[in-house]
Amino acid sequence: MDKIGHFINGQIITEGDRTQPVYNPSTGQISKEVLLGNAKTIDEAVAAAKAAFPAWRKTPPLKRARIMFKFKELLEQHADEICRLIGEEHGKIVHDAAGELQRGIENVEYACGAPELLKGEHSRNVGPDIDSWSEFHPLGVVAGITPFNFPVMVPLWMYPMAIVCGNTFVLKPSERDPSSTLYVAQLLKEAGLPDGVLNVVMGGKETVDAILEHKDIEAVSFVGSTPIAEYIYKTAAANGKRCQALGGAKNHAIVMPDADLDNVVNSLLGAAFGSSGERCMALSVAVAVGDEIADKLIAALQKAMGNLKFGVHSDKNNDFGPVITAEHKAKILGHIKSAQEQGAKILVDGSDAAPAGYENGFFVGATLIDNVNKDMSSYKAEIFGPVLQVIRVKTMEEAMQLINDHEYGNGTCIYTRDGEAARYFADNIKVGMVGINIPLPVPVAYQSFGGWKRSLFGDLFMYGPDGVRFFTRRKTITQRWPSSSVREGAQFSMPTL
Ligand code: NAD
């Protein structure tokens, strides 16, 4: 059986006894095994990254950027292979995998602007003959820890930016679908990246803890579920590291009585069930304002859901694929059952769905639940499956209160034709990424991505301008070249103009 190894100092390493199976979620079969690293593996990766740092730090940003230009070309050339690897281990349909890759490539494109991004800030004559400027210096060895649901895009949120800023990197991808991540990292070597600048260590908690405790790692960028994000943030901070830790979500769409219903239905189908709902920006709750729009919405959704196709990742006619593991499927089914037990109405139940020929795959069909309320455990939790819950409220204020009271604050959107309502919503909602008639308001690569409340621990969003700030530290230099005419005596008060 194929063993997925580490990538340290430009070499694939497959020695090691501890492994974990990697499944093909469409068939439910084990397809490969992945090595599980430990503190020693992290030590080796950090040593390689540390050794590569001095030369990489001195490499001009333009040269670093040229490697990214080449990397982008290689990502495009190898897109089919990357999407196949994503599909085989994640289950994402090939067209959705292509979308993931494209959004990842856009982060590489942004990183190609390194010379511009790292120009710094200059002030001339802050005092007589005195100039002052800020430079953005790399931190050193930095690390990224990533989730299963975007095995290519989320790592590309992190290391292209970290690397063009002059850092060297240790990546710990999800152990559940690591092949595409590893393949993409090797393309960066092919693009000309010196060995040791990017290293990939496979594993689970043990490797993560070794990263958090390693004295030579300066910063940790994390994306995953909220309990782990909180643990990462606290442990990294306790060990003196800079940290940004993005967590889970529960994204609500408010459907106002004046919304364009066809648009709402199409948007909700894609945003609730696309990628089997395994997106941190998935719209998993529709909040209908008034029973009239709720009834119309539900009727239209039920009709449209009858035409949804789900199945194997390689069939581009499918709308979505399986969920990641059998355990995750059981968790999703548990939420559907608990909603029913707590008084919600299951209108479309995907619990027993299995596409012909893939009966052992980890499939859950699209599920629609009405009459959900804020006290139900399935509402409080992030289900992370193809399940859309409907909550009925009387007013927009009530809808906004629900969202503002929820533990998570990643994404949200409103469907309305009323500009005043939309503006009020955008201004007052306590969520980091807001859509107005846009279901998945994922910021483009030249903005930055992040949530509020318990969807993000830390101060800076991911990628874009915040990414540059996260992966650099500012140094401000103030200079004067004294000539005989400007010599001064000792000055004991704070210098002012
Ligand atoms: P996860 O939290 O289980 O795992 C994420 C990473 O943490 C993996 O690399 C994993 O190996 C590691 N990990 C898991 N358990 C650990 C532990 N006990 N100690 C230390 N490390 C541990 O998340 P997942 O299931 O892979 O991904 C899905 C979650 O990620 C969802 O909650 C989703 O909302 C979230 N997510 C958030 C964003 C965002 O931008 N906010 C984006 C994508 C995914």
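Conventions and cut-offs
Residues numbered from 1 in each chain as written. Predicted model: local features only at pLDDT ≥ 70, side-chain atom pairs only at ≥ 80, totals over all residues. Heavy atoms only, no water. Helix = DSSP H or I, 4+ residues; strand = E, 2+ residues; numbered from the N terminus. Rg over C-alpha atoms; globule rule 2.2 N^0.38 Å. Buried < 20%, exposed > 50% of the residue type's maximum accessible area, 1.4 Å probe, protein only. Contact = heavy atoms within 4.5 Å. Areas by Shrake-Rupley, 256 points an atom, 1.4 Å probe, with all protein chains shown as cover. Lys, Arg positive; Asp, Glu negative; His and termini not counted. Charge placed at Lys NZ, Arg CZ, Asp CG, Glu CD. Expected span 1.5 Å × (residues − 1). Bend = angle between axes of the 7 residues up to and from the residue. Polar contact = N/O pair within 3.5 Å; in protein donor to acceptor, adjacent residues only side chain to side chain. Pairing = 2+ DSSP bridges. Right-handed = clockwise from strand over helix to strand, strands pointing away. UniProt positions renumbered as here; feature names shortened; annotations may be inferred. Axes fitted to C-alpha atoms, helices over the stretch in contact; angles between N-to-C directions. Near = heavy atom within 4 Å. Core = buried A, V, L, I, M, F, W, Y, C linked by side-chain atoms within 4.5 Å.

1. Considerations on the overall build of the protein chain
Working step 1: Tallying secondary structure elements over the protein chain gives 16 helices and 23 strands in all.
Working step 2: Compactness check: the protein chain gives a C-alpha radius of gyration of 25 Å against a globular reference of 23 Å for 497 residues, within 12% of the reference.
Working step 3: For the protein chain, the spread of C-alpha atoms along the three principal axes comes to 85 × 60 × 40 Å.
Working step 4: Within the protein chain, the proportion of its 497 residues that are buried is 57%.
Working step 5: Summarising the internal contacts of the protein chain: among those between residues at least 6 apart in sequence, 74% fall at separations of at least 24.
Working step 6: Element-wise, carbon and sulfur atoms account for 51% of the exposed surface of the protein chain, whose accessible area totals about 20,900 Å².
Working step 7: Side-chain charges of the protein chain comprise 50 positive and 58 negative groups, with the mean position of each set lying 5 Å from the other.

2. Thoughts on helix α1 (residues 39-58)
Working step 1: Compared with an ideal rise of 1.5 Å per residue, which puts 20 residues at 28 Å, α1 spans 29 Å between its outermost C-alpha atoms and is within 8% of the ideal.
Working step 2: The largest bend along α1 measures about 40° and falls at Ala52, with the proline Pro54 one to four residues further on.
Working step 3: Those residues of α1 that fall on the buried side of the exposure criterion are Thr41, Ile42, Ala45, Val46, Ala48, Ala49, Ala52, Phe53 and Trp56.
Working step 4: Sitting at the amino-terminal end of α1 is Asn38, which places a side-chain oxygen 3.0 Å from the backbone nitrogen of Lys40.

3. Here's the deal with the pairing of strand β14 (residues 283-289)
Working step 1: A large share of β14 lies buried, amounting to 7 of its 7 residues.
Working step 2: Two strands pair when backbone bridges link them, and strand β13 (residues 251-255) and β14 are joined in this way by 5 bridges, in the parallel orientation. Along β14, the bridge assignment pairs His252 with Val285.
Working step 3: The parallel pair β13 and β14 is bridged by helix α10 (residues 261-273), and the resulting crossover is right-handed.
Working step 4: Sheet topology note: the β14/strand β17 (residues 387-393) ladder contains 5 bridges and is parallel. Following the sheet pairing, Ala286 is matched in β17 by Val390.

4. Some remarks on the side chain of Asp370
Working step 1: Looking at where Asp370 falls in the secondary structure, it is placed in strand β16 (residues 367-370).
Working step 2: Residue Asp370 is classed as buried on the basis of its relative accessible area of 4%.
Working step 3: Excluding anything up to four places from it in sequence, Asp370 contacts Ile298, Ala344, Lys345, Leu347, Val390 and Arg392.

5. Quick notes on the UniProt feature "domain: Aldehyde dehydrogenase" (unreviewed entry) in the protein chain
Working step 1: What UniProt calls "domain: Aldehyde dehydrogenase" (unreviewed entry) maps, in this numbering, to residues 17-477.
Working step 2: With 42% helix and 22% strand, residues 17-477 has end C-alpha atoms that lie 51 Å from one another.

6. Notes on the sheet that holds strand β7 (residues 130-138)
Working step 1: The strand order β6-β7-β23 describes an open sheet built from 3 strands, whose pairing is antiparallel. Since the sheet does not close on itself, it has two edges, and those belong to β6 (121-127) and β23 (472-479), each with one partner. Strand-to-strand twist across the sheet, computed as the mean angle between neighbouring axes with direction ignored, equals 25°.
Working step 2: Here 4 bridges tie β6 to β7, and the two strands are oriented antiparallel to one another. Bridging from a neighbouring strand, Gly127 pairs with Ile130 of β7.

7. Section: the site of the ligand
Working step 1: Close to the ligand lie 26 residues, the nearest being Lys172, Glu175, Arg176, Ser225 and Glu382.
Working step 2: Phe148 is positioned such that a nitrogen or oxygen atom in its backbone is 3.0 Å from an oxygen atom of the ligand.
Working step 3: With respect to the ligand, the backbone of Gly224 contributes an N or O atom lying 3.2 Å from an oxygen atom.
Working step 4: Across the complex, the protein chains shield 89% of the 840 Å² of accessible surface that the ligand would expose by itself.
Working step 5: Sorting the residues of the shell around the ligand by element identifies α8 (205-213) and β11 (217-223) as the ones contributing at least two each.

8. Regarding the environment of His137
Working step 1: Tracing the sequence through the fold places His137 in strand β7.
Working step 2: By relative accessible area, which is 16% here, His137 ends up buried.
Working step 3: Residue contacts for His137: discarding those within four places in its chain leaves Arg57, Phe471, Thr472, Arg473 and Lys475.
Working step 4: Only 2.8 Å separates the side chain of His137 from the side chain of Glu135, close enough to count as a polar contact.

9. Let's talk about unusual backbone geometry
Working step 1: At Asn125, a position not held by glycine, the phi torsion is positive, near 55°.
Working step 2: Of note in this structure, Ser276 is not a glycine but carries a positive phi near 55°.
Working step 3: Locating Ser276 in the fold gives a position in the loop between α10 and β14.
Working step 4: Residue Ser276 is classed as buried on the basis of its relative accessible area of 2%.

10. Describing the nonpolar core
Working step 1: Membership of the largest hydrophobic core comes to 69 residues, with the highest contact counts inside it found for Phe71, Leu75, Trp157, Tyr159, Ile163, Phe169 and Leu188.
Working step 2: Here the element with the most residues in this core is helix α6 (residues 153-164); it accounts for 10 residues.
Working step 3: Those residues in contact with Leu75 that sit more than four places away from it in its chain are Ile82, Leu101, Ile105, Val108, Leu156, Val184 and Leu187.

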